[in-house]
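Understanding the architecture of this molecule
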Amino acid sequence: EQVVHFLAPPVLEECAPHYTFRQFMDDSLYHPDWGYYSNGRIRFGHGRSEDFTTFPVALRPVFGAMIAERAAGFWHASGCPGGGVGEPPFLLLELGAGLGVLAHDILTHLKRARPHMYDAVIYVIGERSPALRAEQRRTNAGFVAEGRLEVRAVDAQDLHDGSLRTELQ
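This one's a predicted model, so the numbers in the text were calculated from it and none came from an experiment. (Residues numbered from 1 in each chain as written. Predicted model: local features only at pLDDT ≥ 70, side-chain atom pairs only at ≥ 80, totals over all residues. Heavy atoms only, no water.)

**Quick word on the pattern of salt bridges**
As enumerated under the stated definition, the model contains 6 salt bridges in all. For the salt bridge of Arg114 with Glu69, the shortest nitrogen-to-oxygen distance reads 2.7 Å. Taken together, the positions of Arg114 in the loop between helix 5 (101-113) and helix 6 (115-120) and Glu69 in helix 4 (residues 62-77) put the pair 45 residues apart, joining distant regions of the chain. Classification of Glu69 as partly exposed rests on a relative accessible area of 31%. Among the ionic pairs, Glu135 bridges to Arg138, the shortest N-O distance being 2.6 Å. Taken together, the residues Glu135 and Arg138, both in helix 7 (residues 130-139) and 3 residues apart, mark about one turn of the helix. Overall, the relative accessible area of 30% leaves Glu135 in the partly exposed class. (Salt bridge = Lys/Arg side-chain N within 4 Å of Asp/Glu carboxyl O. Helix = DSSP H or I, 4+ residues; strand = E, 2+ residues; numbered from the N terminus. Buried < 20%, exposed > 50% of the residue type's maximum accessible area, 1.4 Å probe, protein only.)

The structure is reproduced here in structure tokens:
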């Protein structure tokens, strides 16, 4: 009913020539009342009653460990930043992290296999959806409590100006 009301004339007649596909997708995904990522009913997974996800669930936690090892290579190549007192942390940024399981798997691997890097890392999830931000915090509650993970309200469409980079530095 809300969707029909949203698109009902005269609204449709008034905005149709100017209502772009990008705006349609934006509303479909993030409208505060009925957007897919805003309604809190997201069911990521691989079962019949769950929604499609691009995250390779079947490869958990190995996929996260693989990404963690690749990040460790970058960390070493950068001179192992973030390990000293007063040094800025080594930032890992993930945009649109779904339920936050990749972050969980990466940080779990680093904590176990690369504790020096784990102590130097801050993992930042940038997420537009308030419902998903809540799920990401729940999935990673331990890492949030340890100060190793932050979940921020970020829209990837707004990153062209470099403001997130400036904010994180």
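**Examining the packing of aromatic side chains**
In total, this model carries 1 aromatic pair according to the counting rule given. Positioned above the aromatic ring of Tyr118 is the side chain of Arg148, whose terminal nitrogen or guanidinium carbon lies 5.7 Å from the ring centre. (Phe/Tyr/Trp six-rings, centres within 6.5 Å; stacked < 30°, edge-to-face > 60°. Lys NZ or Arg CZ within 6 Å of the ring centre and 35° of its normal.)

**Structural notes on unusual backbone geometry**
Residue Pro61 is bonded to the preceding Arg60 through a cis peptide linkage, with omega at -5 degrees. The phi angle at Cys80 is positive, at roughly 55 degrees, despite the residue not being glycine.

**With respect to the confidence of the model for the protein chain**
Low-confidence regions, as indicated by low pLDDT, have predicted coordinates that should not be scrutinised in detail. When the pLDDT values of the protein chain are averaged, the result is 82; 78% of them are 70 or greater. Across the protein chain, the element-wise mean pLDDT spans from 49 in helix 1 (residues 2-7) up to 98 in helix 8 (residues 141-145). Predicted confidence is poor over residues 1-5, with pLDDT under 50, and the contacts of this stretch with residues over four places away or in other chains come to 3 contacts. (pLDDT = per-residue confidence, 0-100. Contact = heavy atoms within 4.5 Å.)

**Re the packing of helix 4 against helix 5**
For the pair helix 4 and helix 5, interaxial distance at closest approach is 8 Å and the crossing angle is 60 degrees. Between helix 4 and helix 5, the crossing angle belongs to the class labelled oblique. Crossing of helix 4 over helix 5 shows right-handed handedness. Of the residues in helix 5, those touching helix 4 at Phe63, Gly64, Ala65, Ile67, Ala68 and Glu69 are Leu102, Asp105, Ile106, His109 and Leu110. Split by residue class, the contact of helix 4 with helix 5 holds 7 nonpolar, 2 polar and 2 charged. (Axes fitted to C-alpha atoms, helices over the stretch in contact; angles between N-to-C directions. Parallel < 35°, antiparallel > 145°, perpendicular 65-115°, else oblique. Left-handed = near helix turned anticlockwise from the far one by under 90°. Nonpolar A, V, L, I, M, F, W, Y, C, P; charged D, E, K, R; others polar.)

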